[in-house]
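Here are the chains, one letter per residue:
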Amino acid sequence: MNRIANVTVLVKDYDEAINFYTKKLNFNLVADQEIGEDMRWVLVSPGGENDASLLLEKAQTEDQKARIGNQTGGSVFMILHTDNFELDYQNLINNGVKITRDRSDEVYGTVCVFSDLYGNLWDLIEAKN
């Protein structure tokens, strides 16, 4: 069986990105290992070790640096599913995470759009049963 294990997110700084994802979004720090000069293998995940993780990669080239915060050209970059929208939505607000489109009830569930520390857009969704 195949599965997506990691998705790369370009970041300016490892530690500020780790802080955002673990302190503001309550993700788990799965791995943080040095793998070379000014390079680390950093994985964060909203779930456990077996769930898909974000690989936080420090941008090295000018081309990579230009894409920080705009990895999809302005479209939603990631979709974060929740089983408790109210709790997670309030957590975003309490932690000062920028809400770019306020909550709404859609045919597929309750959703809001927020941005990460660099401006990448995320959906927070509690799907309808």
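Let us look at the structure shown here. None of the values given here were measured: they were computed from a predicted structure.

## Brief notes about the nonpolar core
Among the nonpolar cores identified, the biggest contains 28 residues, and Tyr21, Leu54 and Leu56 are the most heavily contacted of them. Taken together, the elements giving at least two residues each to this core come down to strand E1 (6–11), helix H1 (14–24), strand E3 (39–45), strand E4 (53–58), strand E5 (76–81), helix H3 (85–94), strand E7 (109–115) and strand E8 (121–127). Ranked by residues supplied to this core, first place goes to H1 with five residues. Excluding residues within four positions of it along the chain, Leu54 makes contact with Val7, Val9, Tyr21, Phe27, Val42, Leu43, Val44, Met78 and Trp122.

## Some points on the sheet that holds strand E6 (residues 99–106)
Here four strands make up an open sheet; going across it, the order is E5-E8-E7-E6 and the pairing mixed. The open sheet has two edge strands with one neighbour each: E5 and E6. Along the sheet, successive strands turn relative to each other by an average axial angle of 20°, direction set aside. Sitting on the sheet, H3 touches E6, E7 and E8, and the angle it makes with E6 is about 165°.

## Regarding H1
Among the residues of H1, Tyr14, Ala17, Ile18, Phe20, Tyr21 and Thr22 are the ones counted as buried. Between the side-chain oxygen of the N-cap and the backbone nitrogen of Asp15 there are 3.0 Å, and the N-cap of H1 in question is Asp13. Count one or two residues on from H1 and you reach Asn26, which has phi positive near 60°.

Definitions and limits used
Each chain carries its own residue numbering, running from 1 in the written order of its sequence. Reporting of local features is limited, given that this is a predicted model, to residues whose pLDDT is at least 70; pairs of side-chain atoms are given and counted only at 80 or more, and all residues count toward the totals for whole chains, interfaces and linings. Values shown for side chains rest on all heavy atoms present in the structure; no hydrogens or waters enter the calculation. We call a set of buried Ala, Val, Leu, Ile, Met, Phe, Trp, Tyr and Cys residues a nonpolar core when their side-chain atoms join them within 4.5 Å. Working definition: with a 1.4 Å probe on protein chains only, accessible area under 20% of the residue-type maximum means buried, over 50% means exposed, and in between means partly exposed. Put simply, DSSP H or I for four residues or longer makes a helix, DSSP E for two residues or longer makes a strand, and each gets a number counted from the N terminus. Every residue pair with non-hydrogen atoms within 4.5 Å of one another is taken to be in contact. At least two DSSP bridges between two strands are needed for those strands to be called paired. Helix axes use the C-alpha atoms of the stretch in contact, all axes being lines fitted to C-alpha atoms, and the angles between their N-to-C directions lie in the range 0 to 180 degrees. What qualifies as a polar contact is a pair of N or O atoms within 3.5 Å, subject to a donor-acceptor requirement within protein and to the restriction that residues adjacent in sequence count only when both atoms come from side chains.

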